[in-house]
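Listed below are the residues making up each chain.
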Amino acid sequence: ESAYDEQIELSVKRGVDLAPQRVEPRYFLVQAFQLKKDFSAAVAEQYNIIKIDFNNPFNFWRLALVYREAKDMPRAYQLAFYARQNGYEFRNLAEAQWLAQYYSDLNQFKELAKIYEELIKNNLADIQIRANLALVYAKMGEKEKARAAAAKVLELSPESKASVEAFLKKLDSGEAF
């Protein structure tokens with residue numbers, strides 16, 4: 001983690017003053033406030049970015065991340081949901097994990113499946129994500145989708161044969177997951 005540097009903050013503020021309608025220097029200012037652990041200032045500046053570029057779901061995602069870092073999880077989850085509903089897509093697997101864990105903890109399998117499907121569609125998923133998707137489909141009662149997801153796990157990871165066969169046996173038995 002980088003250390004906070006007051007000079008960097010002052011330089012970025014000058015950049016904001018020179019181009020008040022540009023969001024790029026403001027992104028850096030939000031990061032400077034986060035490094036300083038001044039989350040109220042980071043939130044306020046992220047809202048300034050949203051005022052300038054309201055239609056970009058990335059800006060709402062960034063606000064969700066600021067709230068997450070500030071430990072205001074209800075707002076973080078609400079804004080993450082909003083960003084995703086408005087077109088934000090994950091850029092990497094790590095970025096999705098905290099939200100996937102949230103939906104998993106709440107047994108919100110439909111939202112969890114959407115995350116896993118997006119990661120797969122965008123080639124960001126590993127074998128575990130594919131296996132998780134099979135399990136989520138099973139929990140949703142979507143047996144055919146669960147079977148197809150499990151088959152893909154086996155295709156991509158033949159060493160998972162025993163685990164996939166056990167999963168399919170449990171799926172066919174009607175036993176709860």
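I will try to describe carefully the structure that is included in this document. Worth saying up front: this structure is predicted, and the values here are computed from it rather than measured.

Our next topic: helix 3 (residues 39–52). Spanning 14 residues, helix 3 covers 20 Å between terminal C-alpha atoms, matching the ideal 20 Å at 1.5 Å per step. Along helix 3, the residues classified as buried are Phe39, Ala41, Ala42, Val43, Glu45, Gln46, Ile49 and Ile50.

Let us now look at helix 7 (residues 109–121). Taking 1.5 Å of rise per residue, 13 residues should cover 18 Å, and helix 7 covers 18 Å from first to last C-alpha, within 8% of that figure. Looking at helix 7, one finds that the buried residues are Phe109, Glu111, Leu112, Ala113, Ile115, Tyr116, Glu118, Leu119 and Ile120. Those residues of helix 7 that are buried lie in contact with helix 5 (73–85), helix 6 (93–105) and helix 8 (127–139). Count one or two residues on from helix 7 and you reach Asn123, which has phi positive near 55°.

Bringing the pattern of salt bridges into the picture now. The final tally for this structure, using the stated rule, is 14 salt bridges. Where salt bridges share partners, they join Glu9, Lys13 and Lys36 into one cluster.

The next subject is the environment of Arg26. In this fold, Arg26 is placed in helix 2 (residues 24–35). The buried category is assigned to Arg26, whose relative accessible area is 11%. Between the C-alpha atoms of Arg26 and Lys145, which are 119 residues apart in sequence, the distance is 44 Å. Apart from the residues lying within four places of it in its own chain, the contact partners of Arg26 are Val16, Pro20, Glu45, Asn48, Ile49 and Ile52.

Glancing now at the packing of helix 1 (residues 6–18) against helix 2. Look at helix 1 against helix 2: their axes get within 9 Å of each other, and the N-to-C directions meet at 150°. Accordingly, the angle class assigned to the pair helix 1 and helix 2 is roughly antiparallel. Judged by the twist between their axes, the crossing of helix 1 over helix 2 is left-handed. Residue-level inspection shows Glu9, Val12, Lys13, Gly15 and Val16 of helix 1 in contact with helix 2, the latter providing Pro25, Arg26, Phe28, Leu29, Ala32 and Phe33. Among the residues forming the contact of helix 1 with helix 2, the class breakdown is seven nonpolar, one polar and three charged.

The rules behind the values
Residues numbered from 1 in each chain as written. Predicted model: local features only at pLDDT ≥ 70, side-chain atom pairs only at ≥ 80, totals over all residues. Heavy atoms only, no water. Helix = DSSP H or I, 4+ residues; strand = E, 2+ residues; numbered from the N terminus. Expected span 1.5 Å × (residues − 1). Buried < 20%, exposed > 50% of the residue type's maximum accessible area, 1.4 Å probe, protein only. Contact = heavy atoms within 4.5 Å. Salt bridge = Lys/Arg side-chain N within 4 Å of Asp/Glu carboxyl O. Axes fitted to C-alpha atoms, helices over the stretch in contact; angles between N-to-C directions. Parallel < 35°, antiparallel > 145°, perpendicular 65-115°, else oblique. Left-handed = near helix turned anticlockwise from the far one by under 90°. Nonpolar A, V, L, I, M, F, W, Y, C, P; charged D, E, K, R; others polar.

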